[in-house]
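Read off the chains here:
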Amino acid sequence: MSITYKDADGVQGMKIAGRLASEVLDYLTPHIKPGITTREIDRLAAECMKKQGTISATLGYQPAGYPPYPASLCTSVNHVVCHGIPNDKPLKKGDIVNVDVTVIKDGWYGDTSRMFMVGEVSIAAKRLCAMTYDAMWHGIMHVKPGIHLGDIGFAIQKFAESNGFSVVREFCGHGIGRNFHEEPQVLHYGKPGTLEELKPGMTFTIEPMINAGRKDVKELGNDGWTIVTKDHSLSAQWEHTVLVTESGYEVLTLSAGSPPPPPFVNA
Ligand code: MF3
Ligand code: CO
Ligand code: CO
């Protein structure tokens, strides 16, 4: 499938879906504390989506070669890179967890994730979460018509690697609209001036997965979904859905509980 460009109605639909996805994260935030299980987080998300009148895009999602994804969101704890499946293990003080929510509203998709620190966490874990947030924004801040996807990947990679972290290669951001995963792929590494040129009306995610150790990942191997770091080092991820406007970008997955952009971003 090719890149889809959203007209005014499409943009309106994407804004609503994006805000609702972010509001699911707001709803979950006060609950993410030591002792809660990721299955309970999943149940709360389903409850929130029901109230919103949204549908989870992940529940039953089945790309070619995968088993149907069994939950309303993804919860990726510590060395889990992405696609962690909620389970009955309680979160404990010191854990870091990515919660990734994708909702469908009136056929439009909104996709966003945040890191949560469970109780007090190590300085290293805190730094990884903060730097990964900044890495995402280093990508977002360049978005405007005329730049290339390679410029986004380069900015993220340069920032992450210059701070001693590594960028996961196997998973990337993606076009999004009336489908969960559309073209183009949005790599979180790359070379300036390469790949697709951005044009107004494009909507895609930027969702870098950044490892404290080496970049290599592997499948956990027992559920068909869970991806972990090969060296068991911590991994973090943040995700926004963005729109390319005539003059720059608009982040679509914002809500009252979204953390503010870092100071280096002049929006
Ligand atoms: N939300 C993820 C993304 O950002 C995809 C999750 S697919 C699932 O693209 F099936 F694992 F939920
Ligand atoms: Co995504
Ligand atoms: Co996501």
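Since we're looking at a predicted model, the values are computed, not measured.

Colleague: Just to check I follow, could you spell out helix H3 (residues 123–140) for this structure?
Modeller: Residues that lie three or four places apart on an α-helix share one face, since the helix turns once every 3.6 residues. For H3, built from 18 residues, the straight-helix expectation of 26 Å at 1.5 Å per residue is met to within 8% by its first-to-last C-alpha distance of 26 Å. Among the 18 residues of H3, 13 are classified as buried, and the element is accordingly described as predominantly covered.

Colleague: Before we go on, may I ask you to explain the coordination of the cobalt ion (ligand 3) in this structure?
Modeller: Each donor-metal-donor angle would ideally measure 109.5 degrees in four-coordinate tetrahedral geometry, or 90 or 180 degrees in six-coordinate octahedral geometry. At 2.0 to 2.4 Å from the cobalt ion (ligand 3) lie its protein donor atoms, namely Asp100 (OD), Asp100 (OD), Asp111 (OD) and Glu239 (OE). Taken together, the six donor atoms coordinating the cobalt ion (ligand 3) span angles of 58 to 165° at the metal, a pattern that classifies the geometry as irregular. Spacing between the donor residues of the cobalt ion (ligand 3) along their common chain follows D-x10-D-x127-E. In this structure, the cobalt ion (ligand 3) lies 3.3 Å from the cobalt ion (ligand 2), and both are coordinated by Asp111. Of the two residues, Asp111 sits in strand E5 (residues 108–117) while Glu239 sits in the loop between strand E13 (235–237) and strand E14 (240–244), which places them 128 residues apart along the sequence. Judged by its relative accessible area of 0%, Glu239 falls in the buried class.

Colleague: In this structure, what is going on with the site of ligand 1? I would like to understand it.
Modeller: Around ligand 1 there are 14 residues in total, and Thr58, His174, His181, Glu207 and Glu239 lie nearest to it. Between ligand 1 and Asp100 there is a distance of 3.1 Å, counted from a nitrogen atom to a side-chain nitrogen or oxygen. In isolation ligand 1 exposes 330 Å². Once the protein is present, 96% of that is buried. Most atoms of ligand 1, that is more than half of them, are within 2 Å of grid points of the largest pocket. Grouping the amino acids of the shell around ligand 1 by side-chain chemistry returns five nonpolar, five polar and four charged.

Colleague: Is there a simple way to think about the environment of Ser258 in this case?
Modeller: In this fold, Ser258 is placed in the segment after strand E15 (249–251). Sequence-wise, Ser258 and Ser22 are 236 residues apart; in three dimensions their C-alpha atoms are separated by 7.3 Å.

Colleague: Please clarify how the nonpolar core should be interpreted in this entry.
Modeller: Inside soluble globular proteins, nonpolar side chains tend to come together where they are buried. By size, the foremost hydrophobic cluster in this structure holds 34 residues, and its most contacted members are Ile152, Leu198, Phe204 and Ile206. Those elements giving two or more residues to this core turn out to be H3, helix H4 (149–162), strand E9 (203–206) and E14. Counting residues per element, this core draws most heavily on H3, which supplies nine residues. With near-sequence residues (within four places) excluded, Ile206 lies in contact with Met136, Gly139, Ile140, Val143, Ile152, Ile156, Val186, His188, Trp238, Glu239, His240 and Val242. Counting 21 residues, the second largest nonpolar core, distinct from the first, contains Leu20, Val24, Leu28 and Cys48.

Colleague: Sorry, what's going on with the side chain of Thr253 here?
Modeller: If you trace the backbone, Thr253 turns up in the segment after E15. A relative accessible area of 0% means that Thr253 is categorised as buried. Those residues within four positions of Thr253 in sequence are excluded, and the remaining contacts are Gly18, Ser22, Asp111, Thr112, His240, Thr241 and Ser258.

Colleague: Where do I start with the coordination of the cobalt ion (ligand 2) in this structure?
Modeller: In this structure, Asp111 (OD), His174 (NE2), Glu207 (OE) and Glu239 (OE) serve as the protein donors to the cobalt ion (ligand 2), at separations of 2.0 to 2.2 Å. Along the chain, the residues donating to the cobalt ion (ligand 2) fall in the pattern D-x62-H-x32-E-x31-E. Under the relative-accessibility criterion, Asp111 is labelled buried at 2%. Under the relative-accessibility criterion, His174 is labelled buried at 5%.

Colleague: Could you clarify how one ought to interpret the packing of H3 against H4 in this entry?
Modeller: To describe two helices that pack against each other, one gives the angle between their axes and the distance between the axes. Here H3 crosses H4 at 155°, and the two axes come no closer than 8 Å. Here H4 runs roughly antiparallel to H3, going by the angle between their axes. Seen along the crossing, H3 lies across H4 with a hand that is right-handed. Taken together, the residues of H4 that come into contact with H3 (itself represented by Met131, Asp134, Ala135, His138 and Gly139) are Ile152, Ala155, Ile156 and Phe159. Broken down by class, the residue content of the contact of H3 with H4 amounts to six nonpolar, two polar and one charged.

Reading the values: rules and limits
Residues numbered from 1 in each chain as written. Chains lettered and ligands numbered in written order. Predicted model: local features only at pLDDT ≥ 70, side-chain atom pairs only at ≥ 80, totals over all residues. Heavy atoms only, no water. Helix = DSSP H or I, 4+ residues; strand = E, 2+ residues; numbered from the N terminus. Expected span 1.5 Å × (residues − 1). Buried < 20%, exposed > 50% of the residue type's maximum accessible area, 1.4 Å probe, protein only. Donors = N, O, S within 2.8 Å, 3.2 Å for Na, K, Ca; no water. Tetrahedral: all angles 85-135°; square planar, octahedral: opposite > 155°, others 65-115°. Near = heavy atom within 4 Å. Polar contact = N/O pair within 3.5 Å; in protein donor to acceptor, adjacent residues only side chain to side chain. Areas by Shrake-Rupley, 256 points an atom, 1.4 Å probe, with all protein chains shown as cover. 1 Å grid on protein atoms, 1.4 Å probe; cavity = no way out; pocket = protein on both sides within 12 Å on 5 of 7 lines; lining within 4 Å. Sits in = over half its atoms within 2 Å of the grid points. Nonpolar A, V, L, I, M, F, W, Y, C, P; charged D, E, K, R; others polar. Core = buried A, V, L, I, M, F, W, Y, C linked by side-chain atoms within 4.5 Å. Contact = heavy atoms within 4.5 Å. Axes fitted to C-alpha atoms, helices over the stretch in contact; angles between N-to-C directions. Parallel < 35°, antiparallel > 145°, perpendicular 65-115°, else oblique. Left-handed = near helix turned anticlockwise from the far one by under 90°.

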